[in-house]
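The residues making up each chain are set out below.
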Amino acid sequence: MSERSLPKKGSNGLSRRGFLGRTGSIIGAVALAGHITPAAHAAAPPGPIADGARVPALVIGTGYGGSVAALRLAQAGVDVQMIEMGMSWDTPGSDGKIFPKVTTPDYRSFWLRTRTKAPLSNFLGFPIDKDVPKYTGILDAEDFAGITVYQGRGVGGGSLVNGGMAVTPKRANFAAVLPSVNADEMYDTYYPRANAGLGVGMIDPAWFDTVDCYQFSRVGRKHAQRSGFAWTFVPDVYDWDYMKQEAAGTATKSALAGEILYGNNHGKKSLVQTYLAQAKATGRVAISALHKVTSVSPAAGGGYTVTIDQINTPGDTVATKTVTADRVFFAAGSVGTSKLLVELKATGALPNLNAEVGKGWGENGNVMCGRANHMWDPTGKLQSTIPCSGIDNWDAGGAFAEVAPLPTGIETYASFYLSITKNPNRAEFTWNAATGKAELSWQTAWKQPSISMAKTIFDKINSKEGTIYRTDLFGGNKIWNDTLTYHPLGGAVLNRATDNYGRLHGYTGLYVIDGALIPGNASVNPFVTITALAERNIEKIIATDLP
C-alpha cells in the first residue's frame, strides 16, 4: 500500500470543515444513506496489506462499528486499511452457493471447529451436530468457562449471520443503555442515520397476515395477545420486496430456503451491500481478509506499530507482517476488542490503558426456549428464517422476546423464542499469562435472572393456552438454553475505558468504535445502536482529531 498522509482537503477540494458541513446532522439520514457521490480517487490496493506499509488509519474488524468508521473516514479524504480475521465471502462452494442452509451445515459453517455447535443442538431429542473439516467458516461458537459466544467471521462481521432485526431502543430505556450520551442527538440524528445507512425496513402487515411462511409468527401473536402482552412488528434489514418474490416463486429462495445462521445468499442486506459497498466505492478503503492483529504498540517515529498474522483457511499462520498506522480503530467486536486490549495492557504493549479495560461485559440477557403448541396451532412447514415480531414485557417483567423461526422443513407445532432481558450481571476479561489467553469471568448461574424474566412471558402463555415447554431442543431435557449469547456487549465501556467518544485513555490516536463500548445490555437487538453510536463518535473524531 502506498504511503499517504492525512490530507487537509479531500480530492474534491473540500476542507474537512466543508465535508462535515455536508455530512452533519442538518442533512441527516437521507444524504448519508448513499446519495453523496464519493469523491473521484485512484482505487486503493485491494489487499492484502503489505509488510512494512504505513497507513493513515487502520481499522481492526469489518463489522458495524468498523464499517461506519471506514466509510466516514474515507469520505473525509482519509485512506483506510481494514483488517479482517475472517474470509471475504464472495466465492461459491461446490454447491454453487456461497452460504449453506441452517439444516445442512458443512465446512463453511463454523470457525475452525471440527464439529458443528448449533445453538439448537437437538431436535426431537436427537443430537444434530456433526463432524466437519476444520475451516475458517462463517460462525464462531467461541467457548468460555460459563458461556458460548456466537460471532460472525468474515468481511461484514456479525451482519453476515444475524437475523437482521434492526431495533432502535425505546427512548425511555436509552439512559440505562448509554448514560453519558445525549439521547436527543441519538434519536434526532444518529439513529435515523444508522437506519438509513443499514437499509432498515418493515414487513408489509397485510402480506404478513396471509403468507404461509409467517404462520409461526402469527401463532406467536395470538398467544401473546391472548395472555395480555404487547406484540409488535420489528424492523429488519432484509429486502422485503425480494421476500415477497421468494414467496411468489419469482425469485431464488433464500430466507425461504433456510438460509440465515450461516449466511444468506440473496435477500439480506449485510454490511457488504451497505456501508462496506459505499466505503469501497470511495477508492480509499482496502480490506485484508484472513488477517489477524496480534499486537499494537507505540511506534518510535509516531503512530503505532501493528503486528498482523496472515492465515490460511485451515487456520495456520502463513505470514507475519508489521505495519505502521497513524491511527488505530478497534472494531473486532465486543469479545475481539476486549480480548486484544486486555492482552496488550497485561503484556506491556499498551501499559497505560486504564483499569476499566476488560470490564462491563454482558450478554444482553439472551436466553432461548421453545413451547409445544396444541395440534390446532400449527406453526407451518415453511418458515422464513427472518424474524419480524416480538413480545414486549420489558417494563413489567424485564424481557423482550423475539418470535423466532424453527425452519426444519416439517411441521413441529413449536413456538421458539430468543429473549433479551434486563440481566444485571456483568463479567470481566482478564489475561492469563500462564495459558497465554484472555479469560472471561462469566458464570452460567448468572443466567438465572434472564430465565426468571423470560418466564414472566412464557409461564403465563403456557398457563393460558394449556401448553408446556419443549425439552427436546437443547439436550439433557433442558427447557432453557442458558449457555449462549448472540449479543456480546461491553469490555471497553464508553466514558470508562474510553472518553465519551471512544478515545482510549492513555493513548492519542487509539479508538474503540464497536459493541465493546456498550455496557452489557442494549435492551433490544444491539446492532442499530452500535451503528448509531459509531456514527456519532466518528463524526466527532473527524471534526476534532484529524489534522
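These figures come from a predicted structure and were not determined experimentally. (Residues numbered from 1 in each chain as written. Predicted model: local features only at pLDDT ≥ 70, side-chain atom pairs only at ≥ 80, totals over all residues. Heavy atoms only, no water.)

## Here's the deal with the overall build of the protein
To keep things clear, this is the line we draw: Under the scheme used here, helices are H or I runs from DSSP no shorter than 4 residues and strands are E runs no shorter than 2 residues, and both carry numbers assigned from the N terminus. As a reference, a globule follows 2.2 Å times the number of residues to the power 0.38, and the radius of gyration itself is taken over C-alpha atoms. Think of it in three bands: with a 1.4 Å probe and only protein chains considered, a residue is buried below 20% of the maximum accessible area for its type, exposed above 50%, and partly exposed in between. Every residue pair with non-hydrogen atoms within 4.5 Å of one another is taken to be in contact. Residue exposure ignores everything except the shown protein chains as possible cover, and the areas themselves are Shrake-Rupley values with a 1.4 Å probe. We count Lys and Arg on the positive side and Asp and Glu on the negative side, and we leave His and both chain ends out. Where a charge lies is defined by one atom per residue type: Lys uses NZ, Arg uses CZ, Asp uses CG and Glu uses CD.
If you tally the helices and strands in the protein, you get 13 helices and 21 strands. In terms of overall size, the protein behaves like a compact globule, its C-alpha atoms giving a radius of gyration of 23 Å where 547 residues would be expected to give roughly 24 Å. On the principal axes, the C-alpha backbone points of the protein span a range of 70 × 50 × 50 Å. Among the 547 residues that make up the protein, the fraction classed as buried is 60%. Taking contacts inside the protein between residues at least 6 apart in sequence as the whole, the part at least 24 apart equals 73%. Just so you have it, the protein exposes about 19,700 Å², and 53% of that area is on carbon and sulfur atoms. Side chains of the protein carry 51 positive and 45 negative charges; the gap between the two charge centres is 2 Å.

## What about the packing of aromatic side chains?
Inclusion rule: Between 30 and 60 degrees the pair is tilted, below 30 it is stacked and above 60 it is edge-to-face, where a pair is any two Phe, Tyr or Trp rings, Trp via its six-membered ring, whose centres lie within 6.5 Å.
Per the stated rule, a full pass over the model turns up 24 aromatic pairs. An angle of 80 degrees between the planes, with centres 6.0 Å apart, marks the rings of Trp361 and Trp442 as edge-to-face. Placement of the pair is Trp361 in the loop between helix H10 (333-346) and strand E12 (367-372) and Trp442 in the loop between strand E17 (437-440) and helix H12 (448-465), with a sequence separation of 81 residues. Residue class for Trp442 comes out buried when judged on its relative accessible area of 2%.

## Re the packing of helix H3 (residues 64-75) against helix H13 (residues 527-545)
For clarity, the cut-off: Between N-to-C directions, angles cover 0 to 180 degrees, with each direction set by a line fitted to C-alpha atoms, over the stretch in contact for helices. A clockwise turn of the near helix away from the far one marks a right-handed crossing, whereas an anticlockwise turn of less than a right angle marks a left-handed crossing. When residue character is reported, Ala, Val, Leu, Ile, Met, Phe, Trp, Tyr, Cys and Pro are called nonpolar, Asp, Glu, Lys and Arg charged, and the others, Gly included, polar.
At a minimum axis distance of 8 Å, the contact between H3 and H13 shows a crossing angle of 35 degrees. When the axes of H3 and H13 are compared, the crossing they make is right-handed. Together, Tyr64, Gly65, Val68, Ala69, Arg72 and Leu73 of H3 and Phe527, Ile530, Thr531, Ala534, Glu535, Ile538 and Ile542 of H13 make up the contact between the two elements. Residue composition of the contact of H3 with H13, by class: nine nonpolar, two polar and two charged.

## Some thoughts on the state of the cysteines
This is how the line gets drawn: In what follows, a disulfide is any cysteine sulfur pair within 2.5 Å.
One pass over the structure, following the stated rule, counts zero disulfides. Cys213 supplies the cysteine sulfur nearest to Cys388, a cysteine that is in no disulfide, at a spacing of 8.5 Å.

## Focus: the nonpolar core
Selection rule: Think of a nonpolar core as a cluster: buried Ala, Val, Leu, Ile, Met, Phe, Trp, Tyr and Cys residues, connected wherever their side-chain atoms sit within 4.5 Å.
Judged by nonpolar contacts, the single largest core of 91 residues is most densely connected at Leu58, Val296, Val328 and Phe330. Here this core gets nine residues from one element, more than from any other, and that element is H13. Residues contacting Val296, with those up to four places away along its chain left out, are Ile60, Tyr304, Thr305, Val306, Val328, Phe330, Leu344, Ala349, Leu350 and Leu510. With 63 residues, the next largest nonpolar core counts Ala118, Cys213, Ile391 and Phe458 among its residues.

## Notes on the pairing of E17
The line we're drawing: DSSP calls a pair of strands paired once it identifies at least 2 bridges connecting them.
Only one face of E17 is covered, namely the face carrying Ala438 and Leu440; the face carrying Lys437 and Glu439 is uncovered. Relative to E17, strand E16 (residues 429-432) runs antiparallel, the two being bridged by four bridges. By the bridge assignment, Thr430 is partnered in E17 with Glu439. Between E16 and E17, which follow one another and run antiparallel, lie four residues, and Gly436 among them has a positive phi close to 70 degrees.

## Some thoughts on the confidence of the model for the protein
This is how the line gets drawn: Per-residue confidence from the predictor is given as pLDDT, running between 0 and 100.
For the protein, per-residue confidence averages 92 on the pLDDT scale, and 91% of positions sit at 70 or higher. In the predicted structure, residues 1-40 sits below a pLDDT of 50 and forms 70 contacts with residues beyond four places in sequence or in another chain.

## Considering helix H7 (residues 215-226)
What counts, and what does not: One less than the residue count of a helix, multiplied by 1.5 Å, gives the span that helix is expected to have.
Spanning twelve residues, H7 covers 17 Å between terminal C-alpha atoms, matching the ideal 16 Å at 1.5 Å per step. At the C-terminal side of H7, Gly228 shows a positive phi close to 85 degrees.

## Concerning a nonpolar patch on the surface
Keep this limit in mind: Note that patches include only residues with greater than 30% relative accessible area and no salt bridge, and the join distances are 9 Å for like charges and 5 Å for nonpolar side chains (Val, Leu, Ile, Met, Phe, Trp, Tyr). Whenever a carboxyl oxygen of Asp or Glu lies within 4 Å of a side-chain nitrogen of Lys or Arg, that contact is scored as a salt bridge.
Among the surface-exposed residues, Leu124, Phe126 and Ile410 lie close enough to one another that they form a single nonpolar patch of about 330 Å² accessible area. For Leu124, the location among the structural elements is in the loop between strand E3 (122-123) and strand E4 (126-127). For Leu124, a relative accessible area of 51% gives the class exposed.

## Side note on the packing of H7 against H12
Formally: Note on terminology: angles under 35 degrees are roughly parallel, angles over 145 are roughly antiparallel, angles of 65 to 115 are roughly perpendicular, and the others are oblique.
As a packed pair, H7 and H12 sit with axes 9 Å apart at the nearest point and diverge in direction by 90 degrees. When the interaxial angle is binned, H7 and H12 end up roughly perpendicular. Residues His223, Ala224 and Arg226 of H7 lie in contact with H12, whose contacting residues are Ile461, Lys464 and Glu465. In the contact of H7 with H12, the residues fall into two nonpolar, one polar and three charged.

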